[in-house]
Amino acid sequence: MKLSDKNSEVLYSQIVERIRMWIMKGYIKEGEVLPSERELAQLFNVSRMPVSQAIKILEFLGVVKYIRGKGVCVQQIDIKHLLNNIGFLVLDPQSGLKDLLEAREAIEIQAVRLATQRRTKEDLDMMEDALLEMERNITMKKDVGNASIRFHSAIIVASGNDVIVKINEFLMALLLFSRQKTLREITQQDIALRQHKRIYQAIKEQDADEAVCVMLEHLRELKT
């Protein structure tokens, strides 16, 4: 059961694929509990970190769910289609990250344009709260990935487009991976925060051209 590559950046994707195949082939059925992280780590002969990353991705995608007192269970939902289509998203992290950033550009440029037209006070409050959390975490040298996701997700919601919202939900796990990669350095975090604040101000002032311009600058900065 050993994995083929010990590169820490691809181990988690191999674990996701292995668990996906177990479920697809019926080795683990809907409602059943996965082996513990310790057991999976021993099974794959890896540390617990890539196992934990893999479980988080499957949880974000809605394939599994943690139930207190029981463990991580396979969701009792129709997941066949989802399982058939998540493989390509995690098997090649490097090219997958590039593809993800390109997809984000297409989705989020349109989302921010719509948000300038449709945002409500509640939407603005959600964005501002995420910015405050991001600013606080940078000051305290804590992870800013979740706060960044909250900010971008608030823009998605403010777009008022249900299809864009659902696409964002599907990509959430990979968006987290993306931000962990691109917001690792303090200088990158500071730049991202400044850009987020400019995007927020443009949305607040309903300046679509400025919002799109800064969002494009922000997303393309992440590619470099």
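Residues numbered from 1 in each chain as written. Predicted model: local features only at pLDDT ≥ 70, side-chain atom pairs only at ≥ 80, totals over all residues. Heavy atoms only, no water.

(A) Region of interest: the overall build of the protein chain. On a plain count of helices and strands, the protein chain comes out with 11 helices and 2 strands. Beginning at the N terminus, the succession of helices and strands in the protein chain can be written as α-α-α-β-β-α-α-α-α-α-α-α-α. Residue pairs at least 24 apart in sequence account for 70% of intrachain contacts in the protein chain once pairs closer than 6 positions are excluded. With an accessible surface of roughly 12,000 Å², the protein chain has 52% of that area assigned to carbon and sulfur atoms. (Helix = DSSP H or I, 4+ residues; strand = E, 2+ residues; numbered from the N terminus. Contact = heavy atoms within 4.5 Å. Areas by Shrake-Rupley, 256 points an atom, 1.4 Å probe, with all protein chains shown as cover.)

(B) Spatial organisation of the packing of helix 7 (residues 121-139) against helix 8 (residues 145-158). Direction vectors running N to C along helix 7 and helix 8 enclose 170 degrees, while the axes themselves pass 8 Å from each other. Looking at the two axes, helix 7 sits roughly antiparallel to helix 8. Like other packed secondary-structure pairs, helix 7 and helix 8 cross with a definite hand, here left-handed. Residues D123, M126, M127, D129, A130, L131, E133 and M134 of helix 7 lie in contact with helix 8, whose contacting residues are A147, R150, F151, A154, I155, V157 and A158. Its residues placed into classes, the contact of helix 7 with helix 8 shows 11 nonpolar, no polar and 4 charged. (Axes fitted to C-alpha atoms, helices over the stretch in contact; angles between N-to-C directions. Parallel < 35°, antiparallel > 145°, perpendicular 65-115°, else oblique. Left-handed = near helix turned anticlockwise from the far one by under 90°. Nonpolar A, V, L, I, M, F, W, Y, C, P; charged D, E, K, R; others polar.)

(C) Local environment of the confidence of the model for the protein chain. Chain-level pLDDT for the protein chain is 82 on average; 76% of the residues reach the 70-or-more range. When pLDDT is averaged over each helix and strand of the protein chain, the minimum, 52, is found for helix 5 (residues 87-90) and the maximum, 95, for helix 7. (pLDDT = per-residue confidence, 0-100.)

(D) The arrangement of the packing of aromatic side chains in detail. What the rule picks out here adds up to 1 aromatic pair. Between W22 and F44, the aromatic rings sit 5.8 Å apart at their centres with planes inclined by 20 degrees, giving stacked as the arrangement. In this pair, W22 is assigned in helix 1 (residues 8-24) and F44 in helix 2 (residues 37-44), connecting sequence segments 22 residues apart. (Phe/Tyr/Trp six-rings, centres within 6.5 Å; stacked < 30°, edge-to-face > 60°.)

(E) The pattern of salt bridges, seen in detail. For the structure on display, the rule yields 10 salt bridges. Measuring nitrogen to oxygen at the nearest pair gives 2.5 Å for the salt bridge that ties D129 to R150. On the criterion of sequence distance, the pair formed by D129 in helix 7 and R150 in helix 8 is long-range, its members being 21 residues apart. (Salt bridge = Lys/Arg side-chain N within 4 Å of Asp/Glu carboxyl O.)

(F) Geometry of the environment of E135. As for its placement among the helices and strands, E135 is situated in helix 7. E135 has contacts with L193 and K197, leaving out every residue within four places of it along the chain.

(G) Structural context of the environment of Y12. Tracing the sequence through the fold places Y12 in helix 1. The exposure class assigned to Y12 is buried, which follows from its relative accessible area of 4%. Separated by 37 residues in the primary sequence, Y12 and M49 have C-alpha atoms spaced 8.3 Å apart. (Buried < 20%, exposed > 50% of the residue type's maximum accessible area, 1.4 Å probe, protein only.)

(H) Broad picture of the pairing of strand 1 (residues 64-67). Relative to strand 2 (residues 71-74), strand 1 is paired through 4 bridges, and the arrangement is antiparallel. Looking at strand 2, one finds that I67 is bridged to G71. Between strand 1 and strand 2, which pair antiparallel in sequence order, lie 3 residues; one of them, G69, sits at a positive phi of approximately 85 degrees. (Pairing = 2+ DSSP bridges.)

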